[in-house]
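# Structure assessment
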Amino acid sequence: MKYCSTRDKKLNFDFKEIFQRSLAPDGGLFVPKKIKKFSSNELKKMKRLNYIDLATEVVSSFCVPTFNKQQLKALIKKSYKKFKKKNVVSLIKLDKINLLELYHGPTLAFKDIAMQCIGNMYEEFNINNEDITNIVVATSGDTGAAAISALSKRKKINLFVLHPHNKISKVQKKIMTTIGGSNIYNIAIKGSFDDCQKIVKQMFADNIFRQKINMSGVNSINWARIIFQIVYYFYSFLKLNKKKLNYAVPTGNFGDIYAGYMAKKMGLPIEKLIVATNENDILQRVINRGIYKPTKVKTSISPSMDIQISSNFERLLFYVLNSKDTEVKKLMNNLETKGSFKLTSHQRNIIQKDFSAFKVTNVETKKIIKRIYSKYNFFIDPHTATGFYAAKKTTSNYPCVVVGTAHPYKFIETMKSVTGKQIKKPSQLTELMSGKEKYDILNNSTNVVKKYILEKQYEN
Ligand SMILES: *Cc1c(COP(=O)(O)O)cnc(C)c1O
């Protein structure tokens, strides 16, 4: 499989290159030049597969020739050893809603599903590598922990995790800052997640710096994140055995739901992908009104979605604009210079064929958590709750799957204040959480972070 940039179709990279680079040299995102489509017959046959075999089928076309199927299967199998469910994810039914639980990995959020595989991919790539790879990642709370769990103590790898200081939950912070080995550097930035992401993007765009530190990235702008997330759409769809399904997805950086869009492009009969945002509703605004305009980030009870610059949306634009790279570039330039861009009603219509979108306020989120708890004696976390709300607002002839993105324990304080109940600590965490929190607080400045990384990279 060859890949190009959303801003330049002429580029030609293979999987290994886009994996290590993460962001395209022109600041665009990598997208595959072709997408494998499964026929309904092939889908039928895939119903028999367990999660690992299914993942191998779904992901393999994106990774050849870097990995062949056999290598890939071994890698995936190894990656899901630490998950509490035999088939990685699980499905339960609440009312008419199917909840797809994606949070049974080592750090209790869906991000483990891609990140554990990515950790093993780095290991494969680094075997013959002389240089240390410095991985830099921005996190709104869950990516950091998942990346640390996947990359801690790996040879020839340093991981620098930027999180917004005092803007993530206590459990998120505790997991993130206590589980890492000496190759992990937690940095609390005095700013928002968007500030953290901007610093990371600026470092990637600085070719000299990027090469100097042999920089790589594991944010959802890394295509490898997307491909492993496509799998659970296939798995849940084939398990539920319905003609068509809607998926409601709590969304921030548009990564998880974009994986659903890919699944649809690969032949899965998904009716609508339903975007659920919190009060940081840029995606709701662009899908319903066509204006993409980041505003100031609001702190919410679903902090992993407190994002105003939704990077993966650029990947959707590429398809909506019919792969016209110059058009994508123009819109992204408008964003840079004017602070916004506008879609035509035609473009908006194309998006609305596949997507609908709802904004869910803190008050509405709490109501849903409370209702599900009192009706089913079941806890859903504040992110997953936004998905429930959006599913409830949707009228459709087809059933809906809500994508459960995090374990409620990660947001224990909110859960307690809403339901009055204390959630039991999941077994994954029994050993964690006891260590001393380890992190440095830095100013919101790309230069300050660069200097920090240059100083620390050879410490190990
Ligand atoms: C990261 C995250 C999201 C948002 O996912 P995107 O891929 O950024 O849209 C939603 N919920 C939780 C719990 C998360 O950690």
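Residues numbered from 1 in each chain as written. Predicted model: local features only at pLDDT ≥ 70, side-chain atom pairs only at ≥ 80, totals over all residues. Heavy atoms only, no water.

## Some thoughts on the nonpolar core
Put simply, the rule reads: Throughout this description, the term nonpolar core refers to a set of buried Ala, Val, Leu, Ile, Met, Phe, Trp, Tyr and Cys residues connected via side-chain atoms within 4.5 Å. We call a residue buried when its accessible area falls under 20% of the maximum for its residue type, exposed when it is over 50%, and partly exposed in between, using a 1.4 Å probe and counting protein chains only. Comment: elements are numbered from the N terminus, with helices defined as DSSP H or I runs of at least four residues and strands as E runs of at least two. In this description, contact between two residues means that some pair of their heavy atoms is separated by no more than 4.5 Å.
Core analysis: the biggest nonpolar cluster contains 139 residues, and Tyr 233 and Phe 234 have the highest contact counts within it. With 14 residues, helix 10 (residues 223–240) is the largest single contributor of residues to this core. The residues touching Phe 234, leaving out its near neighbours within four places in the chain, are Phe 38, Leu 43, Met 46, Leu 54, Val 58, Ala 263, Met 266 and Leu 268. Formed by 24 residues, the second largest nonpolar core is a distinct cluster that contains Leu 162, Cys 196, Met 215 and Ile 307.

## Observations concerning the sheet that holds strand 2 (residues 8–13)
Convention followed: For two strands to be treated as a pair, DSSP must find no fewer than two bridges joining them. Only C-alpha atoms enter the line fits that serve as axes; for helices the fit covers just the stretch in contact. Angles between N-to-C directions range over 0 to 180 degrees.
A sheet is described by the order of its strands in space; here three strands give the open sequence 2-1-3, paired in antiparallel fashion. With partners counted over all chains shown, the strands left at the sheet margins are strand 2 and strand 3 (30–32), one partner each. Neighbour-to-neighbour, the strand axes of the sheet open up by a mean angle of 40°, direction not taken into account. Relative to strand 2, strand 1 (residues 3–5) is paired through two bridges, and the arrangement is antiparallel. Considered in strand 2, the bridge of Tyr 3 is made with Phe 13.

## Observations regarding the packing of helix 3 (residues 51–63) against helix 10
Put simply, the rule reads: Angles are sorted into four bins: roughly parallel if under 35 degrees, roughly antiparallel if over 145, roughly perpendicular if 65 to 115, and oblique for all others. Less than a right angle of anticlockwise turn of the near helix away from the far helix marks a crossing as left-handed, whereas a clockwise turn marks it as right-handed. When residues are grouped by polarity, Ala, Val, Leu, Ile, Met, Phe, Trp, Tyr, Cys and Pro land in nonpolar, Asp, Glu, Lys and Arg in charged, and all others, Gly among them, in polar.
The geometry of helix 3 relative to helix 10 is characterised by a closest axis approach of 9 Å and an angle of 135° between their N-to-C directions. Classified by the interaxial angle, the pair formed by helix 3 and helix 10 is oblique. The element helix 3 and its partner helix 10 pack so that their crossing is right-handed. Here Tyr 51, Leu 54, Ala 55, Val 58, Val 59, Phe 62 and Cys 63 of helix 3 lie close against helix 10, whose contacting residues are Trp 223, Ile 227, Phe 228, Ile 230, Val 231, Tyr 232, Phe 234, Tyr 235 and Leu 238. Here the residues of the contact of helix 3 with helix 10 are counted per class, giving 16 nonpolar, no polar and no charged.

## Some remarks on the environment of Asn 183
For clarity, the threshold we go by: Counting of polar contacts relies on pairs of N or O atoms within 3.5 Å, with two restrictions inside protein: one atom must be capable of donating a hydrogen and the other of accepting it, and residues adjacent in sequence are counted only when both atoms are side-chain atoms.
You can see Asn 183 is positioned in the loop between helix 7 (170–178) and strand 8 (184–189). For the pair formed by Asn 183 and Asn 460, sequence separation is 277 residues and the distance between their alpha carbons is 6.7 Å. In contact with Asn 183, other than residues within four places in its own chain, are Leu 151, Ser 152, Lys 153, Arg 154, Ile 157, Asn 158, Leu 159 and Asn 460. Separated by 3.0 Å, the side chain of Asn 183 and the backbone oxygen of Leu 151 make a polar contact.

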